[in-house]
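Structural description and commentary
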Amino acid sequence: MEQEQKQSLNLLMFSGDYDKALAGLILANSAKEMDVDVTMFFSFWGLFLLRDPDKMDLEGKSAYEKMFEMMTPRGPEALPLSHMNYGGVGKSMLLEMMEAKDAPMLEDFLKGARKKKVKFYGCKLSLDIMGLTKDELIPEVEIVDAQTYLKDALSSNMQLFI
Amino acid sequence: MEQEQKQSLNLLMFSGDYDKALAGLILANSAKEMDVDVTMFFSFWGLFLLRDPDKMDLEGKSAYEKMFEMMTPRGPEALPLSHMNYGGVGKSMLLEMMEAKDAPMLEDFLKGARKKKVKFYGCKLSLDIMGLTKDELIPEVEIVDAQTYLKDALSSNMQLFI
Amino acid sequence: MEQEQKQSLNLLMFSGDYDKALAGLILANSAKEMDVDVTMFFSFWGLFLLRDPDKMDLEGKSAYEKMFEMMTPRGPEALPLSHMNYGGVGKSMLLEMMEAKDAPMLEDFLKGARKKKVKFYGCKLSLDIMGLTKDELIPEVEIVDAQTYLKDALSSNMQLFI
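The name an unreviewed UniProt entry gives chain A is Sulfide reductase, with Alkaliphilus metalliredigens as the organism.

When chain B is brought onto chain A, the operation consists of a screw motion whose angular component is 120° and whose axial shift is 0.0 Å, with 0.0 Å RMSD remaining. What the rotation and shift describe, once combined, is the action of a three-fold rotation axis. Here only 12% of the contact residues of chain B are again contact residues in chain A; the copies associate through non-equivalent surfaces.

Under the defined criterion, the tally for this structure stands at 18 aromatic pairs over all chains. Arranged with centres 4.6 Å apart and planes meeting at 15°, the rings of Phe-41 of chain B and Tyr-149 of chain B form a pair that is stacked. Of this pair, Phe-41 of chain B sits in strand β2 (residues 37-42) while Tyr-149 of chain B sits in helix α6 (residues 146-154), and the two are 108 residues apart along the sequence. Each of the two residues, Phe-41 of chain B as well as Tyr-149 of chain B, counts as buried. Ring geometry for Trp-45 of chain C and Phe-48 of chain C: centres 6.2 Å apart, planes at 55°, overall tilted.

Let us look at the interface of chain B and chain A. Of the residues lining the interface, 32 residues belong to chain B; the matching set on chain A comes to 34 residues. At the surface where chain B touches chain A, the tally comes to one salt bridge. Measuring nitrogen to oxygen at the nearest pair gives 2.4 Å for the salt bridge that ties Lys-101 of chain A to Glu-65 of chain B. Here chain B and chain A share seven residue pairs in polar contact (both at pLDDT 80 or more) between them. Going through the elements one at a time, α2 (63-71), α5 (124-130), α6 and β5 (158-161) of chain B are the ones with two or more residues in the side of chain B that touches chain A. With seven residues, the single largest contributor to the side of chain B that touches chain A is α6 of chain B. In terms of residue class, the side of chain B that touches chain A is made up of 22 nonpolar, five polar and five charged.

One frequently used descriptor of interface size is the decrease in accessible area upon assembly of the parts. Of the residues lining the interface, 34 residues belong to chain B; the matching set on chain C comes to 32 residues. At the junction of chain B and chain C, the tally comes to one salt bridge. In this structure, the connection of chain B to chain C is made through six residue pairs in polar contact (both at pLDDT 80 or more). Mapped onto the side of chain B that touches chain C, the elements with two or more residues apiece are β1 (8-13), α1 (18-33), α3 (91-100) and β5 of chain B. No other element matches the nine residues that α1 of chain B contributes to the side of chain B that touches chain C. Class assignment for the residues of the side of chain B that touches chain C results in 20 nonpolar, nine polar and five charged.

Turning our eyes to something else, we now look at a nonpolar patch on the surface. Together, Tyr-64, Met-67 and Met-71 of chain A make up an exposed nonpolar region whose accessible area comes to about 240 Å². Position of Met-67 of chain A among the secondary structure elements: in helix α2 (residues 63-71).

Taken together, the buried positions of helix α3 (residues 91-100) of chain C are occupied by Met-93, Leu-94, Met-97 and Met-98 of chain C. The arc that holds every buried residue of α3 of chain C, seen down its axis, measures 135°, which confines them to one face. Pointing more than 90 degrees away from the buried face of α3 of chain C are the exposed residues Ser-92, Glu-99 and Ala-100 of chain C. Structurally, α3 of chain C contributes buried residues whose contacts are with α2 and α5 (124-130) of chain A together with α1 (18-33) of chain C.

With that settled, the discussion passes to the pattern of salt bridges. Enumeration according to the criterion identifies 33 salt bridges over all chains in this entry. With a closest N to O distance of 3.9 Å, Lys-55 of chain B and Asp-52 of chain B form a salt bridge. Lys-55 of chain B sits in the partly exposed class, given a relative accessible area of 40%. Taken together, the shared-partner salt bridges in this structure form one network comprising Arg-51, Lys-61, Glu-69 and Glu-136 of chain A.

So, on to the side chain of Ser-15 of chain C. Residues and elements named next belong to chain C. Along the chain, the position of Ser-15 falls in the loop between β1 (8-13) and α1. The class of Ser-15 is buried, set by a relative accessible area of 9%. The residues touching Ser-15, leaving out its near neighbours within four places in the chain, are Lys-20, Trp-45, Gly-46 and Ile-162.

Before going further, it helps to examine the nonpolar core. Counting residues in hydrophobic clusters, the biggest one holds 180 residues, and the most contacted among them are Met-40 of chain A, Met-40 of chain B together with Met-40 of chain C. Those residues in contact with Met-40 of chain A that sit more than four places away from it in its chain are Leu-11, Met-13, Gly-24, Leu-25, Ala-28, Val-118, Lys-119, Phe-120 and Tyr-121 of chain A.

Criteria and thresholds
Residues numbered from 1 in each chain as written. Chains lettered and ligands numbered in written order. Predicted model: local features only at pLDDT ≥ 70, side-chain atom pairs only at ≥ 80, totals over all residues. Heavy atoms only, no water. Least-squares fit on C-alpha atoms with pLDDT ≥ 70 in both. Contact = heavy atoms within 4.5 Å. Phe/Tyr/Trp six-rings, centres within 6.5 Å; stacked < 30°, edge-to-face > 60°. Helix = DSSP H or I, 4+ residues; strand = E, 2+ residues; numbered from the N terminus. Buried < 20%, exposed > 50% of the residue type's maximum accessible area, 1.4 Å probe, protein only. Salt bridge = Lys/Arg side-chain N within 4 Å of Asp/Glu carboxyl O. Polar contact = N/O pair within 3.5 Å; in protein donor to acceptor, adjacent residues only side chain to side chain. Nonpolar A, V, L, I, M, F, W, Y, C, P; charged D, E, K, R; others polar. Patch = residues over 30% accessible without salt bridge, like charges linked within 9 Å, V, L, I, M, F, W, Y side chains within 5 Å. Areas by Shrake-Rupley, 256 points an atom, 1.4 Å probe, with all protein chains shown as cover. Arc of directions from axis to C-beta. Core = buried A, V, L, I, M, F, W, Y, C linked by side-chain atoms within 4.5 Å.

And the structure:
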């Protein structure tokens, strides 16, 4: 019986930008509040959002991997804007404007998505190339390949590449 | 009777880039010409496309909001390219090449979309944070929240994040 | 009889970035391996991926078109990263990290997609504006308008704007 099948939203989070991560997480939280299933698949730069700022394991890593880990953003609040300087608007200005309106921060939306049981997928190939390990990410993340993502996405009502 | 139900396209216009706005509006116009329903939801930087260049209301705004309004693009032709300098190609060069081929400009595609009755949604949260008001945008825009966007998108045949 | 209808994936490749092209082509190859039909529609900067590095025809072109052709990337390996310098990570560093993991390069994924018979569409309007000709692209590309793209996309199970 397929009656009343839940709707589903699948987001491919490719970008490691603060503003795009915000857009993706606002949609994820809003969809969950509408009782829509949500899967977020994080690949490439998108994985930086899932890094636990307090966990960094440099042991056994190559020189490049160590450099990469130390140079790239760790966790939501460390992400840059998609435009370095959009019409003169920098990240600190955007954050001040959000604060003035009592808008939640990116990490609040991430916490909300975790609490609401959004399904978090991390891209295996991206992790391999970047030399990141599952232990350096938030614990909810399941590491999967592109085909697992595609299966979920193809059977969803809606897919976005963010 | 669900026979002959119209197809529908839903575009989330996140970016405030000239070239991406062009892509979105070309798709919107083409879809309308095929008798496909089109909704465009403008959020974040995407809202700059909908600003009426002749309407700016600084009254009652905070210092940040005033700065933001004056520094950011007003209307279609003021948008920058997605890459500041893509392989050496700047916006003026692109515009000259478009003109040489008698290709319509961005504001022509926006006029076309308005005339063809594309549904224009503006993101409430983005407007709040940026301190923009409905009166500063083109009159067709309806201000909605993320859930209204999601309802429309989930029931569309196709969704893109631009 | 609609039984066992194949699933289909439609990708609009707008960006001319190495990392985004990689993401799109990995998805295209993975989907084909799952017996999913794949169409990739290349428009704007995305067309640079399809340029044959050995074919450039400047004859009969305007000064702008010649400049454009010579300044912009020719073929997969010439594409830049989406962020010029993401947290300090440049393209050469990313390529070294990929090589260290024996990950295939972008041109390998493009070859795979061609071999697996991904359908390649090129955007007519973009080619016209840029002054590029079909002969300067890989031979599989079919030049189509936005409506041909939309027909394919609207009837696909999944669409992404990359």
